[in-house]
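Here are the chains, one letter per residue:
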Amino acid sequence: MRDSTQSALFGALSNEIRMSSIANNLANVNTSAFKKDTLAFHDTFVRFAHDYLVDEKTYIRGKKLFPEGHIMAKARLSAQRPDFSQGSLEQTGNQLDFAISGEGFFTVQGPEEMLYTRAGNFVADANGMLRTKDGNPVMVDGGPLVIPSGAAVQVDGQGNISVNGNPAGAFDLVTFDDPNQLERMGSNNFRAPLGVGAVPPEEINVAQGFLEKGNVDVVTEMVAMIEVQRAHTMYSKVIQSDNEMDTKLITQAGRPAV
């Protein structure tokens, strides 16, 4: 396979992943507190068999080999991580809607482990238990919160909860030294890998009756989508041109003159 074909192939595959990420961002533009995915690239150095040795030893390779060695750098996808930048707040007036301004996450009980989310569009189930839209119980002082039917709920800026004027606990609000280590679980939930511990947030404000909107900029994503489409078309043309050139070499080169 030609080196140009290989480079174009990896370029096309990289742009395919970028397109999937952009499509997912656009699909969740109206999802509360959704954090868009971002992709990072890095240079991968490709070393060939005839390349020079970095720590050249004269007794191993005293003379230059033909062809002259070169190290080539090629861009590759290196990471895909959420962008945790703050989304704008939208007023709803619902007493069970909450938005976090600043760093931090709500803690919820997932099917197998604790999960973390910034989506505060909570609901009370038939038994009055406070849950997320996914059905996960919201953690308040280490356990679920049950709200009596028709009760008035008040929450202050620090996440302290009162039900009918009586203290009912506080949201288990946490943050992380490096949120980039969190792993996405679904659209709005994140899990902390082993060794990544949660700590109490220093600066946080919980707004009742508000929801945080997603941080997806539609115009930016659409421009990126056009860029990716054009790049993918370009890489496809490179592969097609290389294929046509190889076909001519195979069918015509070495053909005896008539």
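Keep in mind that this is a model prediction, so the values were computed, not measured.

Comments concerning the side chain of Asp97
Next, step 1: Mapped onto the elements of the fold, Asp97 is located in strand E4 (residues 97–102).
Next, step 2: No salt bridge is formed by the buried Asp97, whose closest oppositely charged neighbour, Lys133, lies at an N-O distance of 6.7 Å.
Next, step 3: Not counting residues within four places of it along the chain, the set of residues in contact with Asp97 comprises Thr92, Gly120, Asn121, Phe122, Ala207, Gln208, Gly209, Phe210 and Leu211.

Some thoughts on the packing of helix H1 (residues 3–27) against helix H2 (residues 218–252)
Next, step 1: The interhelical angle for the contact between H1 and H2, taken along N-to-C directions, is 155°, at an axis separation of 9 Å. When the axis of H1 is compared with that of H2, the two are roughly antiparallel. The interaxial crossing formed by H1 with H2 has left-handed handedness.
Next, step 2: Looking at side-chain class alone, the contact of H1 with H2 contains 15 nonpolar, seven polar and four charged residues.

Notes on the sheet that holds strand E15 (residues 173–174)
Next, step 1: Within the open sheet, the five strands sit side by side as E15-E5-E6-E17-E16. Their pairing is antiparallel. Across the chains shown, the open sheet's two edge strands, defined by having one partner strand only, are E15 and strand E16 (183–185).
Next, step 2: Relative to strand E17 (residues 189–191), E16 is paired through three bridges, and the arrangement is antiparallel. Looking at the pairing, Met185 lines up with Asn189 of E17.

Quick notes on the environment of Ile147
Next, step 1: Mapped onto the elements, Ile147 comes out in the loop between strand E11 (143–144) and strand E12 (153–155).
Next, step 2: Between the alpha carbons of Ile147 and Asn127 there is a distance of 8.3 Å; along the sequence they are 20 residues apart.
Next, step 3: Sequence-distant contacts of Ile147, that is, excluding residues within four places in its chain, are made with Leu96, Gly128, Leu130 and Val153.

Here we look at the nonpolar core
Next, step 1: Grouped together as the largest cluster of nonpolar side chains are 21 residues, with contacts concentrated most on Leu130, Ile161 and Phe171.
Next, step 2: Those elements that provide at least two residues to this core are E4, strand E5 (105–109), E12, strand E13 (160–163) and strand E18 (204–208).
Next, step 3: Once you skip the residues sitting within four places of it in the chain, Leu130 turns out to touch Leu96, Phe122, Val123, Asn136, Pro137, Val138, Leu145, Ile147 and Phe171.
Next, step 4: Residues Phe84, Tyr116, Phe190 and Ala192 belong to the second largest nonpolar core, which totals nine residues.

Remarks on unusual backbone geometry
The general pattern is negative phi for most residues beyond glycine and trans for most peptide bonds.
Next, step 1: If you check the backbone angles, Asp141 has positive phi at about 55° while not being a glycine.
Next, step 2: Mapping Asp141 onto the fold places it in the loop between strand E10 (139–140) and E11.
Next, step 3: What makes Asp141 exposed here is its relative accessible area of 56%.

Considering H1
Next, step 1: The end-to-end C-alpha distance of H1 is 36 Å, a good match for the 36 Å that 25 residues give at a rise of 1.5 Å each.
Next, step 2: Considered for burial, the residues of H1 that qualify are Thr5, Ala8, Gly11, Ala12, Ser14, Asn15, Arg18, Ser21, Ile22, Asn25 and Leu26.

A word on the pattern of salt bridges
Next, step 1: Per the stated rule, a full pass over the model turns up eight salt bridges.
Next, step 2: A salt bridge links Glu212 to Lys35, with the nearest nitrogen and oxygen atoms 2.5 Å apart. Separated by 177 residues along the polypeptide, Glu212 in strand E19 (residues 210–212) and Lys35 in the loop between H1 and strand E1 (37–47) bring together distant segments of the chain. We note that Glu212, like Lys35, is buried.
Next, step 3: Residues joined by salt bridges that share partners form a network here, namely Lys35, Arg118 and Glu212.

Parameters and conventions
- Residues numbered from 1 in each chain as written.
- Predicted model: local features only at pLDDT ≥ 70, side-chain atom pairs only at ≥ 80, totals over all residues.
- Heavy atoms only, no water.
- Helix = DSSP H or I, 4+ residues; strand = E, 2+ residues; numbered from the N terminus.
- Buried < 20%, exposed > 50% of the residue type's maximum accessible area, 1.4 Å probe, protein only.
- Lys, Arg positive; Asp, Glu negative; His and termini not counted.
- Salt bridge = Lys/Arg side-chain N within 4 Å of Asp/Glu carboxyl O.
- Contact = heavy atoms within 4.5 Å.
- Axes fitted to C-alpha atoms, helices over the stretch in contact; angles between N-to-C directions.
- Parallel < 35°, antiparallel > 145°, perpendicular 65-115°, else oblique.
- Left-handed = near helix turned anticlockwise from the far one by under 90°.
- Nonpolar A, V, L, I, M, F, W, Y, C, P; charged D, E, K, R; others polar.
- Pairing = 2+ DSSP bridges.
- Core = buried A, V, L, I, M, F, W, Y, C linked by side-chain atoms within 4.5 Å.
- Expected span 1.5 Å × (residues − 1).

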